[in-house]
Amino acid sequence: MQWTLVVPLKPLAHAKSRLSDTAGDAVRPGLVLAFAQDTVAAALSCPAVRDVAVVTDDGLAGRELGALGARIVPDAPGAGLNAALAHGEAVVRTLRSRRPVAALNADLPALRPAELARVLDAAAEFPRAFLADAAAMGTTLLAAAPGAELLPAFGTASRTRHRASGAVELALDAVDSVRQDVDTGEDLRAALALGVGPRTAAAAARLLMPGQ
Ligand SMILES: Nc1nc2c(ncn2[C@@H]2O[C@H](COP(=O)(O)OP(=O)(O)OP(=O)(O)O)[C@@H](O)[C@H]2O)c(=O)[nH]1
Ligand SMILES: C=C(OP(=O)(O)O)C(=O)O
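Reading the values: the criteria
Residues numbered from 1 in each chain as written. Chains lettered and ligands numbered in written order. Predicted model: local features only at pLDDT ≥ 70, side-chain atom pairs only at ≥ 80, totals over all residues. Heavy atoms only, no water. Near = heavy atom within 4 Å. Polar contact = N/O pair within 3.5 Å; in protein donor to acceptor, adjacent residues only side chain to side chain. Areas by Shrake-Rupley, 256 points an atom, 1.4 Å probe, with all protein chains shown as cover. Buried < 20%, exposed > 50% of the residue type's maximum accessible area, 1.4 Å probe, protein only. Helix = DSSP H or I, 4+ residues; strand = E, 2+ residues; numbered from the N terminus. Arc of directions from axis to C-beta. Contact = heavy atoms within 4.5 Å.

Near ligand 2 the following residues occur: R18, L81, G138, T139, F154, G155, S158, D181 and D183. One of the side-chain nitrogen or oxygen atoms of R18 is found 2.8 Å away from an oxygen atom of ligand 2. Taking S158, its side chain carries an N or O atom lying 2.6 Å from an oxygen atom of ligand 2. In isolation ligand 2 offers 290 Å² of accessible surface; the protein chains occlude 84% of this area.

As structure tokens, this is what we get:
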């Protein structure tokens, strides 16, 4: 099955505020862009992925991610993460109504295409399914079959909300790269230990972070 992914991305200057102790205001936007570039590049090279739409109002990120092959959708609602995802879903479904759709966070710099393919293949068995993040509190991927709505409920402690909404939690081993979102300096160290993509590796080296 070939999926359309919807990837939300906040304006870089405001994104990942919880990383401010690890990366100051001068370097954090570049680091967040590197996460998104490595996430989108890995997604686009996944055999289970047909196309990727990034919902963002950030001009630089739009140009860079568009150059990788993503469709850029303006964050027209401007009303937060879940509104951005619902809007992205509506846009891609207008274009491709018979494809399954999955929301994927933009902060997965260690993402491996083969692991993403395993997650999407497992999700294809259910009308709606999700993958919990490495902290086991949040969500990194929420998937909906053709004809089912995503009904995104991302944000703090979203795992419980997605489960309560009827989405099936995917119980998969060895998909750490799809679970490892980066909110904090500790998360970034964990992602570096898994092995990040080239743009995040370069950006982290500029922060003088060891472990690559
Ligand atoms: N388009 C869009 N994306 C968003 C919005 N809010 C969050 N995101 C994205 O949603 C994903 C998950 O969000 P978080 O992990 O909370 O990231 P964040 O809001 O940048 O992080 P903090 O500032 O530390 O809370 C990331 O890819 C964000 O860039 C929004 O209002 N619009
Ligand atoms: C966006 C989420 O949370 P966090 O900001 O903790 O990554 C989530 O897990 O739904």
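Looking at helix α2 (residues 59-68), one finds that the buried residues are A61, G62 and L65. The arc enclosing the buried residues of α2, seen along the axis, measures out at 100°, which places them on a common side. In α2, the exposed positions angled more than 90 degrees off the buried face are occupied by R63 and A67. Close packing links the buried residues of α2 with α1 (28-44), β2 (49-55) and β3 (71-73). Looking at where α2 begins, the residue whose side-chain oxygen comes 3.2 Å from the main-chain nitrogen of L60 is D58. Just past α2, the residue G69 takes up positive phi, approximately 120°.

On to the site of ligand 1, then. Around ligand 1 there are 15 residues in total, and P8, K10, K16, S17 and D75 lie nearest to it. Within the contact set of ligand 1, an oxygen atom lies 3.5 Å away from a side-chain nitrogen or oxygen of D107. Contact with the protein chains hides 85% of the accessible area of ligand 1, taken as 620 Å² for the molecule alone.

This part is about the side chain of T139. Locating T139 in the fold gives a position in strand β6 (residues 139-144). In this structure the side chain of T139 is engaged in a polar contact, spanning 2.8 Å, whose partner is the side chain of S158. Aside from chain neighbours lying at most four places away, what touches T139 is N105, F130, L131, A132, D133, F154, S158, R159 and H162.

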